[in-house]
Amino acid sequence: MTPSNRRVRDSVPPPSAHEEPLLAPRSATAPAPSGVTADAAKPARWLSVVRTVTGVTLVFASSVGVGWVARRHVMTSPRFAVTDVEVTGCDRRPTDALAAESGIAIGTNVFGVDLDVARARLLADPWLADATLARRLPGTIFVHVAERKPAALVALGDVWLATAEGEPFKRIESGDPVDLPLVTGIRPEALADDREGSLRAIRRAIDLAAEYDHGGLGRRMPLQEVHVQPDGGFALVVGHTAMELVLGGAPFRRKLDQATRVVAELEGRGAKADAIMLDNDTRPERVVVRMR
(Lines give C-alpha, C1' and ligand atoms only; values in the text may rest on other atoms or scores of the structure.)
Protein backbone atom coordinates (compact mmCIF):
# COMPACT_ATOMS: atom_id res chain seq x y z
CA MET A 1 0.00 0.00 0.00
CA THR A 2 1.06 3.45 -0.59
CA PRO A 3 1.10 5.88 2.28
CA SER A 4 -1.68 8.37 2.18
CA ASN A 5 0.55 11.35 2.83
CA ARG A 6 2.89 10.56 -0.08
CA ARG A 7 2.10 12.04 -3.41
CA VAL A 8 2.74 10.13 -6.45
CA ARG A 9 4.11 12.25 -9.43
CA ASP A 10 2.00 11.72 -12.41
CA SER A 11 4.11 10.50 -15.21
CA VAL A 12 3.97 12.61 -18.36
CA PRO A 13 3.73 10.52 -21.45
CA PRO A 14 6.14 11.33 -24.33
CA PRO A 15 4.69 13.28 -27.11
CA SER A 16 3.07 11.32 -29.78
CA ALA A 17 4.72 11.07 -33.14
CA HIS A 18 1.71 12.86 -34.59
CA GLU A 19 1.90 15.77 -32.19
CA GLU A 20 4.11 18.84 -32.76
CA PRO A 21 6.29 20.17 -29.95
CA LEU A 22 5.19 23.40 -28.38
CA LEU A 23 8.39 25.21 -29.42
CA ALA A 24 9.85 24.26 -32.80
CA PRO A 25 13.65 24.54 -33.13
CA ARG A 26 14.91 27.62 -35.07
CA SER A 27 16.10 26.84 -38.58
CA ALA A 28 19.82 27.33 -39.18
CA THR A 29 19.14 29.07 -42.46
CA ALA A 30 16.46 31.46 -41.28
CA PRO A 31 17.54 35.15 -41.33
CA ALA A 32 18.32 36.71 -38.04
CA PRO A 33 15.72 39.12 -36.79
CA SER A 34 16.50 42.76 -37.48
CA GLY A 35 14.93 46.08 -36.78
CA VAL A 36 13.94 46.66 -40.49
CA THR A 37 11.89 44.26 -42.48
CA ALA A 38 12.63 43.52 -46.21
CA ASP A 39 9.48 45.35 -47.26
CA ALA A 40 10.59 48.40 -45.32
CA ALA A 41 14.12 48.36 -46.92
CA LYS A 42 12.82 48.58 -50.50
CA PRO A 43 11.72 52.25 -50.39
CA ALA A 44 15.10 53.21 -48.94
CA ARG A 45 16.95 51.58 -51.82
CA TRP A 46 14.70 53.24 -54.42
CA LEU A 47 15.22 56.59 -52.75
CA SER A 48 19.00 56.15 -53.05
CA VAL A 49 18.72 55.27 -56.76
CA VAL A 50 16.47 58.26 -57.44
CA ARG A 51 18.90 60.60 -55.69
CA THR A 52 21.82 59.24 -57.76
CA VAL A 53 19.98 59.53 -61.08
CA THR A 54 18.81 63.02 -60.20
CA GLY A 55 22.36 64.09 -59.39
CA VAL A 56 23.75 62.70 -62.64
CA THR A 57 20.95 64.37 -64.61
CA LEU A 58 21.62 67.72 -62.98
CA VAL A 59 25.37 67.44 -63.71
CA PHE A 60 24.70 66.46 -67.35
CA ALA A 61 22.17 69.25 -67.83
CA SER A 62 24.59 71.73 -66.31
CA SER A 63 27.40 70.56 -68.63
CA VAL A 64 25.16 70.80 -71.69
CA GLY A 65 24.08 74.26 -70.67
CA VAL A 66 27.64 75.46 -70.17
CA GLY A 67 28.68 73.90 -73.52
CA TRP A 68 25.79 75.58 -75.34
CA VAL A 69 26.66 78.96 -73.85
CA ALA A 70 30.34 78.52 -74.77
CA ARG A 71 29.51 77.48 -78.32
CA ARG A 72 27.12 80.37 -78.76
CA HIS A 73 29.83 82.74 -77.56
CA VAL A 74 32.55 81.55 -79.97
CA MET A 75 30.10 81.41 -82.89
CA THR A 76 28.86 84.97 -82.38
CA SER A 77 31.74 86.83 -80.78
CA PRO A 78 33.37 89.48 -83.01
CA ARG A 79 36.71 88.29 -81.64
CA PHE A 80 36.46 85.17 -83.83
CA ALA A 81 35.51 86.94 -87.07
CA VAL A 82 37.77 86.18 -90.06
CA THR A 83 40.15 89.11 -90.55
CA ASP A 84 42.65 87.58 -92.98
CA VAL A 85 43.01 84.74 -95.50
CA GLU A 86 46.73 83.99 -95.68
CA VAL A 87 47.80 82.13 -98.85
CA THR A 88 51.25 80.57 -99.36
CA GLY A 89 52.86 78.26 -101.92
CA CYS A 90 51.58 80.08 -105.01
CA ASP A 91 53.90 81.33 -107.73
CA ARG A 92 51.78 81.77 -110.83
CA ARG A 93 48.41 82.48 -109.21
CA PRO A 94 47.96 85.76 -107.26
CA THR A 95 47.24 85.32 -103.56
CA ASP A 96 44.25 87.67 -103.61
CA ALA A 97 42.73 85.74 -106.53
CA LEU A 98 43.08 82.45 -104.63
CA ALA A 99 41.61 83.99 -101.49
CA ALA A 100 38.60 85.05 -103.54
CA GLU A 101 38.32 81.62 -105.18
CA SER A 102 38.17 79.95 -101.77
CA GLY A 103 34.88 81.73 -101.07
CA ILE A 104 35.98 82.66 -97.53
CA ALA A 105 34.49 86.06 -96.71
CA ILE A 106 36.13 88.51 -94.35
CA GLY A 107 33.94 88.97 -91.27
CA THR A 108 32.59 85.42 -91.33
CA ASN A 109 32.94 83.54 -88.05
CA VAL A 110 36.18 81.57 -88.20
CA PHE A 111 34.46 78.45 -86.84
CA GLY A 112 31.63 78.79 -89.34
CA VAL A 113 33.95 78.46 -92.35
CA ASP A 114 33.59 75.05 -94.03
CA LEU A 115 37.22 74.23 -94.87
CA ASP A 116 36.30 71.22 -97.04
CA VAL A 117 34.03 73.35 -99.23
CA ALA A 118 36.71 76.05 -99.53
CA ARG A 119 39.31 73.43 -100.51
CA ALA A 120 37.02 72.00 -103.20
CA ARG A 121 36.57 75.48 -104.67
CA LEU A 122 40.31 75.99 -104.81
CA LEU A 123 40.96 72.63 -106.47
CA ALA A 124 38.58 73.63 -109.26
CA ASP A 125 41.41 75.93 -110.39
CA PRO A 126 43.43 73.90 -112.95
CA TRP A 127 46.69 75.44 -111.79
CA LEU A 128 46.32 73.93 -108.30
CA ALA A 129 47.34 70.34 -107.64
CA ASP A 130 46.55 70.43 -103.90
CA ALA A 131 45.44 72.76 -101.10
CA THR A 132 45.62 72.59 -97.30
CA LEU A 133 43.50 74.86 -95.09
CA ALA A 134 43.61 75.46 -91.35
CA ARG A 135 42.27 77.92 -88.78
CA ARG A 136 44.70 80.14 -86.95
CA LEU A 137 42.82 81.73 -84.06
CA PRO A 138 41.43 84.17 -83.43
CA GLY A 139 40.62 85.26 -87.02
CA THR A 140 42.96 83.88 -89.71
CA ILE A 141 42.39 81.14 -92.27
CA PHE A 142 45.71 79.72 -93.45
CA VAL A 143 45.80 78.32 -97.01
CA HIS A 144 48.79 76.49 -98.50
CA VAL A 145 48.60 75.47 -102.16
CA ALA A 146 50.72 73.36 -104.49
CA GLU A 147 50.71 74.59 -108.08
CA ARG A 148 51.10 72.47 -111.17
CA LYS A 149 54.23 73.24 -113.17
CA PRO A 150 53.90 73.08 -116.98
CA ALA A 151 56.59 71.11 -118.78
CA ALA A 152 55.19 70.92 -122.33
CA LEU A 153 52.48 71.97 -124.73
CA VAL A 154 50.41 69.08 -126.08
CA ALA A 155 48.33 69.36 -129.25
CA LEU A 156 45.00 67.62 -128.58
CA GLY A 157 42.80 69.47 -130.99
CA ASP A 158 43.34 72.48 -128.75
CA VAL A 159 46.76 73.07 -127.24
CA TRP A 160 47.03 72.04 -123.60
CA LEU A 161 49.60 72.64 -120.91
CA ALA A 162 50.97 69.37 -119.49
CA THR A 163 52.97 68.52 -116.38
CA ALA A 164 56.25 66.57 -116.39
CA GLU A 165 54.16 63.49 -115.57
CA GLY A 166 52.46 63.89 -118.95
CA GLU A 167 49.12 65.06 -117.54
CA PRO A 168 47.36 67.72 -119.65
CA PHE A 169 45.74 70.05 -117.11
CA LYS A 170 44.46 73.15 -118.88
CA ARG A 171 43.88 74.64 -122.30
CA ILE A 172 46.40 77.33 -123.12
CA GLU A 173 45.17 80.89 -122.70
CA SER A 174 46.57 84.36 -123.06
CA GLY A 175 49.32 84.89 -120.51
CA ASP A 176 50.17 81.20 -120.17
CA PRO A 177 53.77 80.09 -120.85
CA VAL A 178 54.51 79.14 -124.45
CA ASP A 179 58.30 78.69 -124.32
CA LEU A 180 57.88 74.95 -123.88
CA PRO A 181 58.40 71.90 -126.13
CA LEU A 182 55.40 71.11 -128.30
CA VAL A 183 54.26 67.48 -128.36
CA THR A 184 52.17 66.41 -131.37
CA GLY A 185 50.78 63.13 -132.62
CA ILE A 186 48.61 62.27 -129.59
CA ARG A 187 45.03 61.86 -130.74
CA PRO A 188 42.28 62.98 -128.33
CA GLU A 189 40.45 59.68 -128.78
CA ALA A 190 43.64 57.77 -127.94
CA LEU A 191 43.90 59.76 -124.72
CA ALA A 192 40.35 58.75 -123.86
CA ASP A 193 40.75 55.07 -124.83
CA ASP A 194 44.25 54.46 -123.44
CA ARG A 195 44.98 57.25 -121.03
CA GLU A 196 47.94 55.62 -119.32
CA GLY A 197 49.58 54.74 -122.64
CA SER A 198 49.06 58.29 -123.93
CA LEU A 199 50.47 59.85 -120.74
CA ARG A 200 53.49 57.55 -120.98
CA ALA A 201 54.11 58.69 -124.57
CA ILE A 202 53.88 62.36 -123.50
CA ARG A 203 56.34 61.73 -120.66
CA ARG A 204 58.81 60.09 -123.05
CA ALA A 205 58.42 63.00 -125.47
CA ILE A 206 59.19 65.49 -122.67
CA ASP A 207 62.27 63.47 -121.62
CA LEU A 208 63.44 63.30 -125.23
CA ALA A 209 63.05 67.07 -125.59
CA ALA A 210 65.21 67.61 -122.49
CA GLU A 211 67.84 65.18 -123.80
CA TYR A 212 67.96 67.00 -127.16
CA ASP A 213 68.25 70.45 -125.53
CA HIS A 214 71.24 69.32 -123.44
CA GLY A 215 73.10 68.00 -126.49
CA GLY A 216 75.37 69.89 -128.85
CA LEU A 217 72.80 70.02 -131.65
CA GLY A 218 70.17 71.54 -129.36
CA ARG A 219 72.20 74.70 -128.84
CA ARG A 220 72.67 75.20 -132.57
CA MET A 221 69.26 74.12 -133.83
CA PRO A 222 66.54 74.80 -131.22
CA LEU A 223 63.83 72.22 -130.79
CA GLN A 224 60.47 73.13 -132.32
CA GLU A 225 58.37 69.98 -131.93
CA VAL A 226 58.39 66.39 -130.68
CA HIS A 227 56.12 64.23 -132.82
CA VAL A 228 54.80 60.88 -131.53
CA GLN A 229 54.50 58.55 -134.52
CA PRO A 230 51.63 56.05 -134.89
CA ASP A 231 54.00 53.12 -134.22
CA GLY A 232 55.21 54.72 -130.98
CA GLY A 233 58.45 56.08 -132.40
CA PHE A 234 59.52 59.73 -132.25
CA ALA A 235 60.57 62.43 -134.68
CA LEU A 236 61.96 65.88 -133.85
CA VAL A 237 61.46 69.10 -135.79
CA VAL A 238 64.46 71.34 -135.15
CA GLY A 239 66.02 74.63 -136.24
CA HIS A 240 64.54 77.61 -137.99
CA THR A 241 64.31 75.59 -141.20
CA ALA A 242 62.16 72.94 -139.45
CA MET A 243 64.48 70.05 -140.31
CA GLU A 244 63.06 66.66 -139.27
CA LEU A 245 65.06 64.09 -137.33
CA VAL A 246 63.27 60.74 -137.56
CA LEU A 247 64.57 58.77 -134.56
CA GLY A 248 62.13 55.90 -134.19
CA GLY A 249 62.65 54.19 -130.84
CA ALA A 250 65.40 54.24 -128.21
CA PRO A 251 68.36 54.49 -127.73
CA PHE A 252 68.02 58.20 -128.43
CA ARG A 253 71.39 59.41 -127.20
CA ARG A 254 73.30 57.41 -129.82
CA LYS A 255 70.94 58.55 -132.60
CA LEU A 256 71.22 62.22 -131.55
CA ASP A 257 75.02 62.01 -131.57
CA GLN A 258 74.80 60.43 -135.02
CA ALA A 259 72.53 63.26 -136.20
CA THR A 260 75.02 65.83 -134.91
CA ARG A 261 77.80 64.30 -137.02
CA VAL A 262 75.62 64.18 -140.14
CA VAL A 263 74.58 67.84 -139.75
CA ALA A 264 78.20 68.89 -139.27
CA GLU A 265 79.20 67.03 -142.47
CA LEU A 266 76.35 68.62 -144.45
CA GLU A 267 77.28 72.08 -143.23
CA GLY A 268 80.87 71.42 -144.30
CA ARG A 269 79.58 70.77 -147.79
CA GLY A 270 77.31 73.79 -147.73
CA ALA A 271 74.28 71.53 -148.04
CA LYS A 272 71.00 71.59 -146.15
CA ALA A 273 68.84 68.62 -145.28
CA ASP A 274 65.09 68.52 -145.16
CA ALA A 275 65.06 65.32 -143.08
CA ILE A 276 67.51 62.88 -141.54
CA MET A 277 66.23 59.34 -140.98
CA LEU A 278 67.92 57.46 -138.16
CA ASP A 279 65.17 54.92 -137.48
CA ASN A 280 66.73 51.84 -139.10
CA ASP A 281 67.09 49.61 -136.05
CA THR A 282 68.16 46.63 -138.15
CA ARG A 283 71.14 48.56 -139.54
CA PRO A 284 71.70 51.38 -137.01
CA GLU A 285 74.75 52.66 -138.88
CA ARG A 286 72.62 53.39 -141.95
CA VAL A 287 71.39 57.01 -142.17
CA VAL A 288 69.16 58.36 -144.92
CA VAL A 289 69.23 62.06 -145.69
CA ARG A 290 66.55 63.83 -147.69
CA MET A 291 67.99 67.01 -149.16
CA ARG A 292 66.18 70.26 -149.76
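Okay, so let's go over this structure. (Residues numbered from 1 in each chain as written. Predicted model: local features only at pLDDT ≥ 70, side-chain atom pairs only at ≥ 80, totals over all residues. Heavy atoms only, no water.)

### A closer look at the overall build of the protein chain
Line of reasoning, step 1. When helices and strands are counted, the protein chain shows 7 helices and 12 strands.
Line of reasoning, step 2. Within the protein chain, contacts between residues at least 6 apart in sequence are counted, and of these 47% link residues at least 24 apart.
Line of reasoning, step 3. If you sum the accessible surface of the protein chain, you get close to 19,400 Å²; carbon and sulfur atoms cover 56% of it. (Helix = DSSP H or I, 4+ residues; strand = E, 2+ residues; numbered from the N terminus. Contact = heavy atoms within 4.5 Å. Areas by Shrake-Rupley, 256 points an atom, 1.4 Å probe, with all protein chains shown as cover.)

### Some words on empty space enclosed by the protein
Line of reasoning, step 1. Counted according to the given criterion, the structure contains 1 cavity of 30 Å³ or more.
Line of reasoning, step 2. Considered as a void within the structure, the largest cavity measures approximately 40 Å³ in volume.
Line of reasoning, step 3. Residue lining of the largest cavity: Y212, G215, G216, L217, G218, R253, L256 and T260, and that is the complete set.
Line of reasoning, step 4. Of all elements in the fold, only α6 (216-220) and α7 (252-269) reach the threshold of two or more residues within the lining of the largest cavity.
Line of reasoning, step 5. Its residues placed into classes, the lining of the largest cavity shows 3 nonpolar, 4 polar and 1 charged. (1 Å grid on protein atoms, 1.4 Å probe; cavity = no way out; pocket = protein on both sides within 12 Å on 5 of 7 lines; lining within 4 Å. Points joined across faces, edges and corners; volume = space filled by probe spheres on them. Nonpolar A, V, L, I, M, F, W, Y, C, P; charged D, E, K, R; others polar.)

### Structural notes on the sheet that holds strand β5 (residues 158-162)
Line of reasoning, step 1. If you walk across this open sheet you meet the 9 strands as β6-β5-β4-β7-β8-β9-β10-β11-β12, and the pairing is mixed. Two strands bound the open sheet, and with one partner strand each, they are β6 (168-171) and β12 (288-291). On average, each strand axis in the sheet is inclined to that of its neighbour by 25 degrees, with strand direction left out of account.
Line of reasoning, step 2. Where strand β9 (residues 234-238) lies against strand β10 (residues 243-248), 5 bridges are found, and the strand directions are antiparallel. When the bridges of β10 are listed, V237 appears paired with E244.
Line of reasoning, step 3. The strands that helix α5 (residues 195-213) touches are β4 (152-156), β6, β7 (182-184), β8 (223-228), β9 and β10; relative to β8, the one it contacts most, it runs at about 150 degrees.
Line of reasoning, step 4. Lying over the sheet, α7 contacts β9, β10, β11 (273-277) and β12, oriented at roughly 150 degrees with respect to β10. (Pairing = 2+ DSSP bridges. Axes fitted to C-alpha atoms, helices over the stretch in contact; angles between N-to-C directions.)

### Focus on the nonpolar core
Line of reasoning, step 1. In this structure, Y212, L236 and L245 are the most contacted members of the largest nonpolar core, which totals 37 residues.
Line of reasoning, step 2. Of all the elements in the fold, those that place two or more residues in this core are β4, β5, α5, β8, β9, β10, α7 and β11.
Line of reasoning, step 3. Top contributing element to this core by residue count: α5, with 8 residues.
Line of reasoning, step 4. Among residues more than four places away in sequence, those in contact with L236 are L208, Y212, L223, E225, V226, M243, E244, L245, L247 and L256.
Line of reasoning, step 5. If you look at the next biggest cluster of nonpolar residues, it comprises 18 residues, including F80, V113, A131 and V145. (Core = buried A, V, L, I, M, F, W, Y, C linked by side-chain atoms within 4.5 Å. Buried < 20%, exposed > 50% of the residue type's maximum accessible area, 1.4 Å probe, protein only.)

### Overview of the packing of α5 against α7
Line of reasoning, step 1. Where α5 meets α7, the closest approach of the two axes is 11 Å, and the angle between their N-to-C directions is 40 degrees. Taken together, α5 and α7 sit at an angle that is classed as oblique. Where α5 crosses over α7, the handedness of that crossing is right-handed. Contacts between α5 and α7 involve R204, L208, E211 and Y212 from the first element and F252, R253 and L256 from the second.
Line of reasoning, step 2. Classifying every residue of the contact of α5 with α7 by side-chain character gives 4 nonpolar, no polar and 3 charged. (Parallel < 35°, antiparallel > 145°, perpendicular 65-115°, else oblique. Left-handed = near helix turned anticlockwise from the far one by under 90°.)

### Focus: the side chain of T163
Line of reasoning, step 1. With respect to the secondary-structure elements, T163 resides in the loop between β5 and β6.
Line of reasoning, step 2. Excluding anything up to four places from it in sequence, T163 contacts R148, K149, A151, F169 and I206.

### Focus on unusual backbone geometry
Line of reasoning, step 1. Cis rather than trans, the peptide bond between L137 and P138 has omega equal to 10 degrees.
Line of reasoning, step 2. Mapped onto the fold, P138 is located in the loop between β2 (128-136) and β3 (140-147).
Line of reasoning, step 3. Residues A250 and P251 are joined by a peptide bond in cis, for which omega reads 10 degrees.
Line of reasoning, step 4. By secondary structure assignment, the location of P251 is in the loop between β10 and α7.
Line of reasoning, step 5. Backbone geometry places A242, a non-glycine residue, at a positive phi of 55 degrees.
Line of reasoning, step 6. Secondary-structure assignment places A242 in the loop between β9 and β10.

### Considering the layout of surface pockets
A probe matching the size of a water molecule, rolled over the atoms, marks out where space remains unfilled.
Line of reasoning, step 1. Of the volumes computed, that of the largest pocket is approximately 300 Å³.
Line of reasoning, step 2. Around the largest pocket sit 14 residues that line it, and G185, I186, A201, V228 and Q229 are the ones nearest its centre.
Line of reasoning, step 3. Looking at the lining of the largest pocket element by element, the count peaks at 4 residues for α5.
Line of reasoning, step 4. Residue composition of the lining of the largest pocket, by class: 6 nonpolar, 5 polar and 3 charged.

### Here we look at α5
Line of reasoning, step 1. The first and last C-alpha atoms of α5 sit 27 Å apart over 19 residues, in line with the 27 Å expected at 1.5 Å per residue.
Line of reasoning, step 2. All of the buried residues in α5 are G197, S198, L199, A201, I202, A205, I206, L208, A209 and Y212. (Expected span 1.5 Å × (residues − 1).)

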